[in-house]
Amino acid sequence: MTVRTVGVEEEFLLVDPATGRPSAVGGVVLSHLDEQPGTPGDAPEVTGELHSEMLETGTRPAGTLDDLDHGVREARAAAVAAAAVAGTVPAAIATSPLPAEPTVSDGPRYRRMAERFGLTVAESMTCGCHVHVGVSSDDEAVAALDRVRPWLAPLLALSANSPLWQGEDSGYSAYRQQVWSRWPSAGPTGAFGSLAGYRETVDTMVATGTVLDEGMVYFDVRPSVQHPTLEIRVADVCREPGDAVLIAALARALVETAVRSWRAGEPAPEVRVEVLRLAAWRASRTGLDGSLLDPRTWLPAPADDVVDLLLRHVGSALDEAGDTATVKELLTEVRSRGTGAVAQRAVLARGGDLRDVALSATL
């Protein structure tokens, strides 16, 4: 069996090490990187984002979880080195605990986005974890997209790392999902049925003139525009590197399971977008500490039970990739210590302030 490759893109806030506040120095950091001698082709990628208070890293495609873990840690180290040029540190936190007024990065595309989408852009300084799973064709990517949709909410719950927003507790574990859903093209989708169906939808969306281009089609899961991958985009950036590996391993297993179902001629699950939105909302609200929707019945069930259902759903794919033991170990860790949202609230419960919360998440 050929194991699919998997890679991770992570977005980080650039924070002042004294105050914990996001600092708009992304342009300085990127200018410095541009001036450096050429880097090896297998080096981690460090790029800018919509807001100058952010950086994004990308790992190389990996075949094993050990290689992916190494890649995630190497990419995070590259982000630390890059941020230090501007006197900042990257924080693995999906929303800023402290009030912030984000600065739109330079560039005509970002300016057009700011002009068109107004406050949505100003309030979209959020950090996600995007998993890229290798696929053999666009047809395979769309077939997998159609079939992984019911299982994305548990990934969001496992990654929950954004309870605080503009200086206040949002009441959510993953408030980033609430903010991100304001984009007109964001969120879950119906099943497309075929590559032609997917292309027709995307082309129609771009033709409306609402989104600038295909890169702004912000579906929860989509065929990558730049890579031969299916990109799963629901997760918060994870506080712990091992949590990012866990999300990536489950995403890869979901894609493999979905493709096998497609090849066997099994239809995609019939579930309405409205129900998928409710599933995402519940995952965003309570993370692993409440109920999620059971993808078999769409009724509430304890989050741990739904995650166990996910493990059983992808069990064969995990076994054949040699990932089962690692996934169970990583899952035990996150269940034991809690998600990033739990860690953030624990800082406050111990008497810390919002600055302490932000700095507790620095790399």
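On a predicted model such as this, the values are computed, not experimentally measured, just so you know.

Let's shift gears to the overall build of the protein chain. Check the secondary structure of the protein chain and you find 15 helices and eleven strands. What you see for the protein chain is a C-alpha radius of gyration of 19 Å, in line with the 21 Å of a compact globule of 363 residues. Considered along the principal axes of its C-alpha atoms, the protein chain spans approximately 55 × 45 × 40 Å. Counting every position in the protein chain, which comprises 363 residues, the buried fraction comes to 55%. Restricting to contacts in the protein chain with at least 6 residues of sequence separation, those with at least 24 account for 78%. Of the accessible surface of the protein chain, which amounts to about 14900 Å², a share of 50% is contributed by carbon and sulfur atoms. Computed over 32 positive and 50 negative side-chain charges, the separation of the two mean positions in the protein chain equals 4 Å.

Attention now goes to the side chain of Thr 229. Looking at where Thr 229 falls in the secondary structure, it is placed in strand E9 (residues 229-236). Residue classification places Thr 229 among the buried positions, given a relative accessible area of 10%. Only 2.8 Å separates the side chain of Thr 229 from the side chain of His 132, close enough to count as a polar contact. Ignoring any residue separated from it by four or fewer positions in sequence, one finds Thr 229 in contact with His 132, Val 133, Gly 134, Val 135, Arg 222, Pro 223 and Ser 224.

The subject of this paragraph is the nonpolar core. Nonpolar side chains tend toward joint burial in soluble globular proteins. Membership of the largest hydrophobic core comes to 69 residues, with the highest contact counts inside it found for Leu 68, Leu 155 and Leu 250. Among the elements that make up this core, the one with the highest residue count is helix H9 (residues 241-263) (13 residues). Counting 19 residues, the second largest nonpolar core, distinct from the first, contains Phe 12, Ala 91, Ala 94 and Val 357.

With that settled, the discussion passes to helix H14 (residues 340-349). If you check which residues of H14 are buried, you get Gly 340, Ala 341, Gln 344 and Val 347. For H14, the arc enclosing every buried residue in end-on projection is 120°, short of the 170-degree limit, so these residues lie on one face. Lining the buried residues of H14 we find strand E6 (164-165) and helix H15 (354-360). Just downstream of H14, Gly 351 is the residue with a positive phi angle, here 100°.

Applying the stated rule across the entire model yields zero disulfides. Cys 238 carries a free sulfur, and the closest cysteine sulfur to it, the one in Cys 129, is 5.1 Å from it.

About the criteria used
- Residues numbered from 1 in each chain as written.
- Predicted model: local features only at pLDDT ≥ 70, side-chain atom pairs only at ≥ 80, totals over all residues.
- Heavy atoms only, no water.
- Helix = DSSP H or I, 4+ residues; strand = E, 2+ residues; numbered from the N terminus.
- Rg over C-alpha atoms; globule rule 2.2 N^0.38 Å.
- Buried < 20%, exposed > 50% of the residue type's maximum accessible area, 1.4 Å probe, protein only.
- Contact = heavy atoms within 4.5 Å.
- Areas by Shrake-Rupley, 256 points an atom, 1.4 Å probe, with all protein chains shown as cover.
- Lys, Arg positive; Asp, Glu negative; His and termini not counted.
- Charge placed at Lys NZ, Arg CZ, Asp CG, Glu CD.
- Polar contact = N/O pair within 3.5 Å; in protein donor to acceptor, adjacent residues only side chain to side chain.
- Core = buried A, V, L, I, M, F, W, Y, C linked by side-chain atoms within 4.5 Å.
- Arc of directions from axis to C-beta.
- Disulfide = S-S within 2.5 Å.

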